[in-house]
Each structure stands twice: as C-alpha cells, then as structure tokens.
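So the chains spell out like this:
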Amino acid sequence: MISPGTVLQRRPRRLIYGDAVIGSVLLIVVIAAALLSPWLPLPDALSNNLNEMFLPPGSPGAQATHWLGTDQLGRDLLARILSGTRLSLLVVLVAAAIGAVIGVALGMFAGYAGGWVDALIMRLIDIQLAVPFILLILLVIALMGASLTNIIVIMGCTSWAIYARVARAKTLEIRELEYIQAVRAMGFSPLRVLLRHILPNLLTPLVVLLTLDIPRLIVLEASVGFLGMGIQPPTPTLGNLIGEGRSYMLLSQWLVLYPGLVIAALVIGCNLLGDALLRRTHTRLD
C-alpha cells in the first residue's frame, strides 16, 4: 500500500519532470530550426520580391512556398525569423556568458576578501541594479553605435550584478566550512582556493541562475531591436522584425504574430527549465 506521504513526495517530481520536458522541447524545436535553417529549402532571408508582398501564410511563391507568408518587401518571413532567431540567440548567449564571468569573479572576490573590498563591490552592485537596464543600454548604444559587438558587450557588462550577488552569498557560506579553513591553513594561495575549492560549489546555483536570466536578456534584446536601437535592418533579429511589422499589423498580422510566438517559446522554455532545475536543486537539498 502506498502511504499518503509517498504520494506527496511523488507529485512534485512529476511536476518537475513535466516542466523540464516541456521547456526542453520548446527550446530544442526553436534552436534546432534556427541552426538548421541554412540547410533547409528556404528562400534567402535578405532577397526581396516586390511581386510577392504581403502574401499570407502558406502561399506559393516563385522560389518556394512561403509557409509563414511574406513581409512588405516580399521577403520570406520564415527564413527571416529563423535567421533572426540565430542572431538573437548569439547575442543573448554571449552577453550572458560575459555577465556571468564578470559577476562570478567579482562576487567570489568580494565574498572571500571581505572588508572594504566587499563593501566597495556591493556598492557597485547597488548602483548597477538602481539604473534601469533598458535606459542604460539605449544611452550607451546611442553614444557608441548599434553594432553587433557593441550590443553584446553592453548587454554583458550590464548583466553581471545578479551573478555577483549570488556568487558572493555562496562564497561567504563556503569559506567558513572546515575544509576551506584547512586548505587556507596549509598555505594555499587565495586564487587556488577560489578556483579549486569554491568555484566548483558555485556551478549548480549559477547554472540555475543562468537559465532564469537568459529569458530576461531575450526580452531585453528584443526590446532594443523593437525600438530601433539594436542591429539594424535588413539584418533580421526577433526584435526588429516586430518593429518593422508593427506598421503593417492591421494589414498583415503574421508579421508581428510569428516573431512574437518565437520569443514567447524561448522565454517560456527557459523559464520552465530554470524552474525545474531550481526545484530539483531544492529537492536534493531537502
């Protein structure tokens, strides 16, 4: 006979696995389609045909069937969405990696050193979190230009604060453990202690945090592109596709609908996967 306690323990696990599966499927489908798009039988994302403007989804074209329709210049929307997804993911993933590396390094250093170093880094974190990300990014892009490199560096350098806070809190906890005290008493350098003994214990919470922070970066990159401050057309991104299509939304709703669905699939998939990892981590700790 199964006890009620066993049922209560199994139910959260089914929810965790269900969220993980749904999130993984959404991400795999979108990412795989974006990565494989250069080898799919699709028209070029930048070639236009004014004879095929505003074709509805499923319309036959001169080169191939336009499964998601065409835009105001007769360009295949499916090809542009997949190309824009690939570029947007590149921006988001590289920016997240930059923010994670900077934040983890500063957070570990602050938590391990303590004193005025910790206080200084924490004040920098407070300043960073007090400034709205979107306004700061728009200001810097307006001054430096909207190139691909600038956008990646700016998004990465404005995303480090949350990683630093988590890394600092975990470092403060780990540095008081007995084995850390032992290796410090053996004369190991602070750099070796941080890299060999503290950093491996930070990987699990940081991976969870990364999966929860990537959706924010996806929306942020799309917002910058929507406002016309991101990568400029004709190069497609998910944000500037919606920005271009909003002028024709009443005539061709698919120009905004399908890029928005891709953004929603990426954000929901990352959130579900991140929540599943977070609950799985808490279950193991319990």
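Calculation rules
Residues numbered from 1 in each chain as written. Predicted model: local features only at pLDDT ≥ 70, side-chain atom pairs only at ≥ 80, totals over all residues. Heavy atoms only, no water. Helix = DSSP H or I, 4+ residues; strand = E, 2+ residues; numbered from the N terminus. Contact = heavy atoms within 4.5 Å. Areas by Shrake-Rupley, 256 points an atom, 1.4 Å probe, with all protein chains shown as cover. Lys, Arg positive; Asp, Glu negative; His and termini not counted. Charge placed at Lys NZ, Arg CZ, Asp CG, Glu CD. Salt bridge = Lys/Arg side-chain N within 4 Å of Asp/Glu carboxyl O. Buried < 20%, exposed > 50% of the residue type's maximum accessible area, 1.4 Å probe, protein only. Expected span 1.5 Å × (residues − 1). Bend = angle between axes of the 7 residues up to and from the residue. Phe/Tyr/Trp six-rings, centres within 6.5 Å; stacked < 30°, edge-to-face > 60°. Lys NZ or Arg CZ within 6 Å of the ring centre and 35° of its normal. Patch = residues over 30% accessible without salt bridge, like charges linked within 9 Å, V, L, I, M, F, W, Y side chains within 5 Å.

**Q** So what's going on with the overall build of the protein? Which residues, and what values?
**A** Along the protein, the regular secondary structure elements total 10 helices and two strands. Each helix (α) and strand (β) of the protein, taken in turn from the N terminus, gives the series α-β-β-α-α-α-α-α-α-α-α-α. If one aligns the C-alpha atoms of the protein with their principal axes, the spans along those axes are about 75 × 65 × 30 Å. Long-range contacts, defined as pairs at least 24 residues apart, comprise 70% of the intrachain contacts of the protein with a sequence gap of at least 6. Of the roughly 15,000 Å² of accessible surface on the protein, 69% is carried by carbon and sulfur atoms. Treating the 20 positive side-chain charges of the protein as one cloud and the 15 negative ones as another, the clouds have centres 9 Å apart.

**Q** Explain the environment of Thr171 to me, using residue names and the numbers behind them.
**A** Residue position: Thr171 is located in helix 6 (residues 161-174). The spatial distance from the C-alpha of Thr171 to the C-alpha of Ser159 is 19 Å, given a sequence separation of 12 residues.

**Q** Talk me through the pattern of salt bridges; I want residue IDs and the actual numbers.
**A** According to the stated counting rule, one finds 10 salt bridges in the structure shown. Ionic pairing is found between Arg175 and Glu176, a salt bridge with its closest N-O pair at 3.2 Å. Assessed through its relative accessible area of 51%, Glu176 is described here as exposed.

**Q** Account for helix 8 (residues 190-226), with residues named and values stated.
**A** Helical periodicity: at 3.6 residues per turn, an α-helix aligns residues three or four positions apart in one direction. Its 37 residues give helix 8 an end-to-end C-alpha distance of only 45 Å, which falls more than 12% under 54 Å, the value for a rise of 1.5 Å per residue. Bending of helix 8 peaks at approximately 50° at the position of Leu199, with proline Pro200 no more than four residues after it. The positive-phi residue at the C-terminal boundary of helix 8 is Gly228, with phi of around 85°.

**Q** An account of the packing of aromatic side chains is needed here, citing residue identities and associated values.
**A** Applying the stated criterion across every chain, the model contains one aromatic pair. When the ring of Phe54 is compared with that of Tyr248, the centres are 5.3 Å apart and the planes differ by 55°; the resulting orientation is tilted. Highlighted residues: Phe54 in the loop between helix 1 (4-36) and strand 1 (59-60) and Tyr248 in the loop between helix 9 (238-245) and helix 10 (254-285), separated in sequence by 194 residues. Overall, the relative accessible area of 30% leaves Tyr248 in the partly exposed class. Here the basic side chain of Arg192 rests over the ring of Phe188, its NZ or CZ set 4.2 Å away from the ring centre. Positioned above the aromatic ring of Phe226 is the side chain of Arg246, whose terminal nitrogen or guanidinium carbon lies 4.6 Å from the ring centre.

**Q** Report on a nonpolar patch on the surface, specifying residues and quantitative values.
**A** Where nonpolar side chains cluster on the molecular surface, the patch consists of Ile31, Leu35, Leu36, Trp39 and Leu40 and spans about 530 Å² of accessible area. Following the sequence through the fold, Leu36 ends up in helix 1.

**Q** Describe unusual backbone geometry, listing the residues and the values that go with them.
**A** Only a minority of non-glycine residues have a phi that is not negative, and only a minority of peptide bonds are not trans. Geometrically, the link from Pro233 to Pro234 is a cis peptide bond, its omega value of 10° lying close to zero. In this structure, Pro234 sits in the loop between helix 8 and helix 9. Of note in the backbone geometry, Phe54 takes a positive phi value of approximately 55° without being a glycine. Using a relative accessible area of 22% as the deciding quantity, one classes Phe54 as partly exposed.

Worth remembering: the numbers are spatial, not functional.
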